[in-house]
Amino acid sequence: MNKTAESVWKECLIFIKNNLQPQTYKTWFEPIVPIGLEDNTLTIQVPSKFFHEWIEEHHLKLLRVALIKFLDEKAKLNYQIVMENSYSSLNITNVKKSLDYDVFISHSSEDKDSFVRPLVVELQQLGIKVWYDEFELKLGDSLRKSIDKGLINSRYGIIVLSKSFFNRNWTQYELNGFVNREMNGLKVILPIWHNVSKEEVQNFSPSLADKVALNSELKEINGIANEIYSFLTQTE
């Protein structure tokens, strides 16, 4: 069955409706009209520039997940804005392109020197775009906002599971962000076991223990980086 703008948007709306409060859905999504679909680019019509800006600021993550789920991982979204009986087109959101990073590294600070930083260097040398707090956080940045931006704009989350990881609030917050995306049917978590046993991972999270993981005790850092590179290139 060939996809149309109407069929794709209908599927997106069902998904979006199940993830929003009824009034929010009615206010911000019922007025949107699908206009066209070409080469994985969906064009939607919104009532005003303010409406477009609100959607981008508050619901872009949900829209992105829906488009990837029901259209394509390389989906693009165009907005057509109604402006006093005329229209203004904005090629504003490229779902694939707007994911600024290939991977987000979630880790405990205790593991930076021995494992995480060298892994990041190896990944970057392979051309992988990495969100890593030491490189992305600047003086005065909001930690939560910066992490949220990294979570939203990364294709996958590398979760470095270690004893110290299990006891950190921020790592739990980051992990929860990726778990929520997996609940929407996307595979985004890439676990690495770092000096931990299966029993320890099982005690922390049975669902994570069931995932195929890389293990720093079985592979050198460059070997782990190569495995991640191979996975990313196979899923492009």
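Residues numbered from 1 in each chain as written. Predicted model: local features only at pLDDT ≥ 70, side-chain atom pairs only at ≥ 80, totals over all residues. Heavy atoms only, no water.

*Asks:* Teacher, can you tell me more about the packing of aromatic side chains here?
*Replies:* Aromatic ring pairs are reported here in terms of the distance separating the ring centres and the angle at which the planes meet. Here the structure, examined in full by the defined rule, presents 10 aromatic pairs. Ring plane angle 10° and centroid distance 5.0 Å describe the contact between Trp-28 and Trp-54, whose orientation is recorded as stacked. On the criterion of sequence distance, the pair formed by Trp-28 in helix 2 (residues 22-28) and Trp-54 in helix 3 (residues 49-58) is long-range, its members being 26 residues apart. Seen from their ring centres, Phe-165 and Phe-204 are 6.0 Å apart, and the 80° between their planes marks the pair as edge-to-face. Here Phe-165, found in the loop between strand 7 (154-161) and helix 8 (169-183), pairs with Phe-204, found in helix 9 (residues 198-204); they are 39 residues apart in sequence, far enough to count as distant. Neither residue differs from the other here; Phe-165 and Phe-204 are each classed as buried. (Phe/Tyr/Trp six-rings, centres within 6.5 Å; stacked < 30°, edge-to-face > 60°. Helix = DSSP H or I, 4+ residues; strand = E, 2+ residues; numbered from the N terminus. Buried < 20%, exposed > 50% of the residue type's maximum accessible area, 1.4 Å probe, protein only.)

*Asks:* Before we go on, may I ask you to explain the pattern of salt bridges in this structure?
*Replies:* Once the charged atoms of two side chains with opposite charge are near each other, the side chains can pair. For the structure on display, the rule yields five salt bridges. A salt bridge links Lys-219 to Glu-227, with the shortest nitrogen-to-oxygen separation between them at 3.2 Å. (Salt bridge = Lys/Arg side-chain N within 4 Å of Asp/Glu carboxyl O.)

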